[in-house]
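Structure assessment
Take a look at the letters that make up each chain.
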Amino acid sequence: MQVLPESVRRFAAWCLVALLVAGVGWVVVRLCAVFRPAVVPVLLALLGAALLAPLHRRLVGAGLHRSLSALVTCVAVVAVVGGALYVVVSSLIDNGAQIIDSVRKAALDVAGRLGSSGTSLNSLADEARKLLGRFSGSAVSSVVTGVGYVSETVATALLALLLVFFFLRDADRAVRGLRALAPYDSADTVEAVARRAFGAVEGFMRGTTFIALIDAALITAGLLGLRVPGAVGLGALVFVGAYIPYLGAFLSGAVAVLVAFADRGFAVAVWALGVIVAVQLIEGHVLQPVIQSRTVRMHPAVVLVALAAGASVAGILGLLLAVPLTAAAFGAAHEVRERGRAEEVRDTGAA
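Residues numbered from 1 in each chain as written. Predicted model: local features only at pLDDT ≥ 70, side-chain atom pairs only at ≥ 80, totals over all residues. Heavy atoms only, no water.

**Things to note about the overall build of the chain**
Counting secondary structure elements, the chain contains eleven helices and zero strands. Along the chain, helices (α) and strands (β) appear in the sequence α-α-α-α-α-α-α-α-α-α-α when read from the amino end. In the chain, buried positions account for 30% of the 351 residues. Taking all contacts inside the chain whose residues are at least 6 apart in sequence as the whole, residues at least 24 apart take part in 74%. With the model as given, the accessible surface of the chain reaches about 21800 Å², and the carbon-plus-sulfur share is 71%. (Helix = DSSP H or I, 4+ residues; strand = E, 2+ residues; numbered from the N terminus. Buried < 20%, exposed > 50% of the residue type's maximum accessible area, 1.4 Å probe, protein only. Contact = heavy atoms within 4.5 Å. Areas by Shrake-Rupley, 256 points an atom, 1.4 Å probe, with all protein chains shown as cover.)

**What to know about the nonpolar core**
Grouped together as the largest cluster of nonpolar side chains are 24 residues, with contacts concentrated most on Val201, Met205, Leu307 and Val323. Counting only elements with at least two residues in this core, the list comes to helix 2 (36–61), helix 7 (187–225) and helix 11 (300–350). In terms of residues, this core owes the most to one element, helix 11, which gives nine residues. Once residues lying within four places of it in the same chain are set aside, the contact partners of Val201 are Leu47, Ala50, Pro324 and Ala328. (Core = buried A, V, L, I, M, F, W, Y, C linked by side-chain atoms within 4.5 Å.)

**Overview of the pattern of salt bridges**
Close approach of charged atoms allows side chains of opposite charge to pair. All told, the structure shown has twelve salt bridges when counted by the stated rule. A salt bridge links Arg57 to Glu202, with the shortest nitrogen-to-oxygen separation between them at 2.7 Å. Here Arg57 is found in helix 2, whereas its partner Glu202 is found in helix 7, with 145 residues between them in sequence. Overall, Arg57 belongs to the partly exposed group, its relative accessible area being 47%. Here Glu202 falls in the buried class, since its relative accessible area comes to 9%. The shortest N-O distance in the salt bridge between Arg196 and Glu335 comes to 2.9 Å. Of this pair, Arg196 sits in helix 7 while Glu335 sits in helix 11; the two residues are 139 residues apart in sequence, bridging distant segments of the chain. By relative accessible area, Arg196 is classed as partly exposed at 26%. Salt bridges here are not isolated pairs; linked through shared partners, they connect Arg179, Asp188, Glu191 and Arg195. (Salt bridge = Lys/Arg side-chain N within 4 Å of Asp/Glu carboxyl O.)

**Brief notes about the side chain of Asp215**
Relative to the helices and strands, Asp215 resides in helix 7. On the basis of relative accessible area, Asp215 is assigned to the buried category, the value being 3%. Excluding its chain neighbours within four sequence positions, the residues that come into contact with Asp215 are Val238, Val279, Gln280, Glu283 and Leu287.

**Let's talk about the packing of aromatic side chains**
The geometry of an aromatic ring pair is captured by two quantities: the separation of the ring centres and the angle between the planes. With the rule as written, the count across this model stands at two aromatic pairs. Summarising the aromatic geometry, the rings of Phe239 and Tyr243 are spaced 5.9 Å apart at their centres and angled 85° between planes, so their arrangement reads as edge-to-face. The same class applies to Phe239 and to Tyr243, which are both buried. (Phe/Tyr/Trp six-rings, centres within 6.5 Å; stacked < 30°, edge-to-face > 60°.)

**Description of the side chain of Glu283**
On the secondary structure map, Glu283 appears in helix 10 (residues 266–291). If sequence neighbours within four positions are ignored, Glu283 has contacts with Ile211, Asp215, Gln288 and Pro289.

**Some details on helix 9 (residues 247–264)**
Helix length check: helix 9 (18 residues) gives 25 Å between terminal C-alpha atoms against 26 Å at 1.5 Å per residue, within 8%. For helix 9, the full list of buried residues reads Gly248, Ser252, Gly253, Ala256, Val257, Val259, Ala260, Phe261 and Ala262. Looking one or two places after helix 9, you find Gly265, whose phi comes out positive at around 95°. (Expected span 1.5 Å × (residues − 1).)

**Remarks on the confidence of the model for the chain**
When pLDDT is averaged across the chain, the result is 78; 78% of the residues are at 70 or more. Ranking the helices and strands of the chain by mean pLDDT puts helix 1 (residues 6–34) first, with 87, and helix 4 (residues 116–140) last, with 50. Below a pLDDT of 50 lies the segment residues 135–144, which in the model reaches zero contacts outside its immediate sequence neighbourhood of four places, other chains included. (pLDDT = per-residue confidence, 0-100.)

**Re the environment of Gly331**
Position of Gly331 relative to the elements: it lies in helix 11. Among the residues examined, Gly331 registers a relative accessible area of 0% and is labelled buried. Residues Gly331 and Arg195, 136 residues apart in the sequence, show an inter-C-alpha distance of 9.0 Å.

**What to know about the packing of helix 2 against helix 7**
One way to put it is that helix 2 packs onto helix 7 with a least axis distance of 8 Å and a crossing angle of 85°. With respect to each other, helix 2 and helix 7 are oriented roughly perpendicular. Every residue of helix 7 that contacts helix 2 at Leu46, Leu47, Ala49, Ala50, Leu51, Ala53, Pro54 and Arg57 is listed here: Phe198, Val201, Glu202, Met205, Arg206 and Thr209. Looking at the contact of helix 2 with helix 7 residue by residue, the classes come out as ten nonpolar, one polar and three charged. (Axes fitted to C-alpha atoms, helices over the stretch in contact; angles between N-to-C directions. Parallel < 35°, antiparallel > 145°, perpendicular 65-115°, else oblique. Nonpolar A, V, L, I, M, F, W, Y, C, P; charged D, E, K, R; others polar.)

**Concerning the packing of helix 6 (residues 171–181) against helix 7**
Here helix 6 crosses helix 7 at 135°, and the two axes come no closer than 8 Å. Relative to helix 7, the element helix 6 is oriented oblique. Where helix 6 crosses over helix 7, the handedness of that crossing is right-handed. Of the residues in helix 7, those touching helix 6 at Val175, Leu178 and Arg179 are Ala187, Asp188, Val190, Glu191, Ala194 and Arg195. A class-by-class count of the residues in the contact of helix 6 with helix 7 yields five nonpolar, no polar and four charged. (Left-handed = near helix turned anticlockwise from the far one by under 90°.)

What follows is the structure, encoded as structure tokens:
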């Protein structure tokens, strides 16, 4: 005799599965936090390998040895990324003071238009300057700590670059090792799921980089046409922010509009806002459907939740890794679901 109805027992079973998944996820996050110096380079290297895999495959297909192809790919990415970082950083440094001054002027203009409310904004600005002064003082007294952070960042980047080389060169060996670790009857499924997850990350990284270049070029051209000061630096900011979906575009666009408002007036600020909105509409309705049509497309709500979770777990690094990891999880889930449906069809046909 069954004490509980079938529906209640099924609900309890799903609750147990949810608790087990949440528990395993919490343990994984804690372990990643403990082994962060090793986990972060691996994750960054996976993203880099996903972005560079098409180039590596083309070189191997052209007859180049896998090791030499991986080396050429890594050298090329160091040259390209180094050049891009130089352009971005130099643009932000050259125009950073002008951009910050323009944002400050825009804030003062807004405070003046608000009247009495502007007093509270000025008080808030004074408090912010005091906090900045305290932070600057503590930063000056913590130069050794800052040097340690820089050294850790450089070491992480070098380790990630070496791992990219090995991931590209030994991809086939990694697949064979994954099949060897999987149970005998599930090796094909494990390999297919892993390939689908990596393919989702590969498509996301490639598509996001291409879209970021187009967005930055269009917005920079629009701001130059409007003669907004620091247009190149603002375009570089748009490119960097594109790797944080929605949130990065909103923040970089807001800065561009504020700069246009402070230096060129309300009318030009409206035009700058129109340029940014037009580029975002082109991205959302043309670029993303065309460029990322073969990858896992996630609902904006899922992306925002993933960004919030990533920021709460790992800060800025979590913002950068949240969406690619979520895309990998969605790709793996889709592969498992498709294989389950195929098995059901086969079982139905056999019956």
